[in-house]
Amino acid sequence: MTSASFTPNRALSDSPDLRMPGQWLWLVALGSLAWRAWVSAALPLTGDEALFYWWARFLDYGYYDHPPMVAWWIAAVRPLFGDAAWAVRLPATLLPLGVGWAMWWAWSPVSRERAAWAVLLYWLAPVNWLNALIATDSPLILWAAWSAAAMVRAEQVAQQGAKSWLLHRWYALSGLFMGLAFLSKYFAVLLGIAYLVYFALFARSHWRGFVLMVLCALPAVFINVLWNLNHCWTNIMFNLFNRNEDAVASWNTVISYVGMMAYLISPVLMWVGWRYRRELMLTARRHALLTCVALVPLLLFGLMSAKKVIGLHWVMGFYPFIFVLFALALPDGRMLAATAKGLAVILLLHLLASLALAVLGLHQWQHFKYYHRLVEAARSEQMVRQVRAPGVVLASNGYSSAAIFGYADKRHMPVLGLGSVHARQDDLIVDYSRFEGKTIRVMVTRKPSVDEYQPYFDQVRLLTFQQDGATFYAVEGVNFHYDIYKRVVMGEVNRRYYNFPSWLPVWGCAFCQRYCGADHCTP
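What counts, and at which threshold
- Residues numbered from 1 in each chain as written.
- Predicted model: local features only at pLDDT ≥ 70, side-chain atom pairs only at ≥ 80, totals over all residues.
- Heavy atoms only, no water.
- Core = buried A, V, L, I, M, F, W, Y, C linked by side-chain atoms within 4.5 Å.
- Buried < 20%, exposed > 50% of the residue type's maximum accessible area, 1.4 Å probe, protein only.
- Helix = DSSP H or I, 4+ residues; strand = E, 2+ residues; numbered from the N terminus.
- Contact = heavy atoms within 4.5 Å.
- pLDDT = per-residue confidence, 0-100.
- Arc of directions from axis to C-beta.
- Phe/Tyr/Trp six-rings, centres within 6.5 Å; stacked < 30°, edge-to-face > 60°.
- Lys NZ or Arg CZ within 6 Å of the ring centre and 35° of its normal.
- Patch = residues over 30% accessible without salt bridge, like charges linked within 9 Å, V, L, I, M, F, W, Y side chains within 5 Å.
- Areas by Shrake-Rupley, 256 points an atom, 1.4 Å probe, with all protein chains shown as cover.
- Salt bridge = Lys/Arg side-chain N within 4 Å of Asp/Glu carboxyl O.

Caption draft 1: View of the nonpolar core. Counting 147 residues, the largest nonpolar core has Trp107, Tyr195, Phe301, Val315 and Tyr319 as the members making the most contacts within it. Among the elements that take part in this core, helix α9 (residues 137-159) stands out by supplying 15 residues, more than any other. Once you skip the residues sitting within four places of it in the chain, Phe301 turns out to touch Phe187, Leu190, Tyr257, Ile310, Trp314, Val315 and Phe318.

Caption draft 2: How the structure looks around the confidence of the model for the chain. Here the chain shows a mean pLDDT of 92. Residues at 70 or above account for 95%. Note that pLDDT drops below 50 for residues 7-14; the model gives that stretch 14 contacts with residues more than four away or on any other chain.

Caption draft 3: Here's a closer look at helix α19 (residues 371-378). Those residues of α19 that fall on the buried side of the exposure criterion are Tyr371, His372, Val375 and Glu376. All buried residues of α19 fall inside an arc of 140° around its axis, so they share one side.

Caption draft 4: Region of interest: the packing of aromatic side chains. This model, assessed by the stated rule, comprises 37 aromatic pairs. Relative to Phe199, the ring of Tyr198 has its centre 5.1 Å away and its plane inclined at 75°; by these criteria the two rings are edge-to-face. In this pair, the class of Tyr198 matches that of Phe199, namely buried. One aromatic cluster is present, formed by Trp73, Trp101, Trp105, Trp143, Trp146, Trp170 and Phe177 through successive ring pairs. One cation-aromatic arrangement involves Arg169 over Trp170; the distance from NZ or CZ to the ring centre is 4.4 Å. Over the ring of Trp274 we find Arg277; its NZ or CZ atom is 4.0 Å from the centre of that ring.

Caption draft 5: Here's a closer look at a nonpolar patch on the surface. Together, Trp38, Val345, Leu348, Leu349, Leu352 and Leu355 make up a nonpolar patch on the protein surface, roughly 580 Å² of accessible area in all. Among the elements that make up the nonpolar patch, the one with the highest residue count is helix α18 (residues 333-358) (5 residues). In this structure, Val345 sits in helix α18.

Dropping the structure here:
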């Protein structure tokens, strides 16, 4: 494998039947955009999406378990389009278009035709039609694509022997986009590792470009460190320790990851890749940077899968580069067209299945194990309307439910109780002392134990409600006692989630200040 990988390959680029798929490219772009727009409007917000919506309402430069970019995106959209589900998801709806643009811009100097085919193959992937959900991965996917694109352009200029300001600005731009990717999700580090592998093994003479990229990404790291200094190191503690406490080595998670990647790559590309494995290997050697950004992160995820379940959305930041490899490797326009048709058939099957699911009514899912979650998402406004009462504070027992019900109620809903290891932003923004003496109704979708809430109130009773055939509940507590809640619940929260090392400097900690009046409380 060599780094001299950006000179157009005449044997491939000049094939007589290799033409731009212009008409099909526009058709697929507009068709997928229309489909995602329908999905974004038709589906109620998921718990994670509602959580990110509330992040945007409590705008910050960092959050308990993730960097802030997804909240910044939603906050930028809200003044223009409001709080409807489709508006919250608008950045995700437009996302594949931005990624496709980056792919075209990066590889069109190698071959305009093959770059266009790469974009078409990527846009034909079912995930780019069916997924319009906003997530922390959404900005990561975009900024990673543009960071890699700028790096490709920088290496193209460098390998032509240029040493002008143009070369340096592409490295700098790649670093800027890398920083934005880091402020989206920590998995951006995997792209940085891919760059490191590339420069260490294939482009050592261009090491100054790598250093410039890193320097331009460092301000984003500084922002993240500054937020953690002022917020009890919760973000670092969660991602390095708390979320990994239950990690156990298992072959099942490895097999699951392999199966997931086989699905994402699709049977069509797997068959084509096997048939043209020699051409694919030659292309991988010829395009070292592309190979590194496509495969190094996915291989690292493979190693992680030995101890953790790898989510489908985790790999999406590096997924587009696979299609570029195939577009550059396939021998002629005929094979590219055949591959696109195969992907289109698989896409059509997915779309037909989606339409079949869309026509099913909510009641037809009553025997589904998680039917209560479907009702919670689809009928949250009606559920809140049943529980709401004058002078009563509404809360929930979980962060996902609280975010969904709060979105429906158009006011932030706190979590009462320990909650989960994930999404603990309430620790930082909710002052439970303001509920002293209040009557609180805690909405839950599974029958709770009333005894768990008894210590914090004078009186407790269980209210039962029905919604679309699903039973849900509210624990009503009269006269909330904050001092007892602080000692029992907040004390346990401090022990579990705020036991960061005493040697770490800390400049602020809202939770610890409320709990013990200091920035670090003894567990």
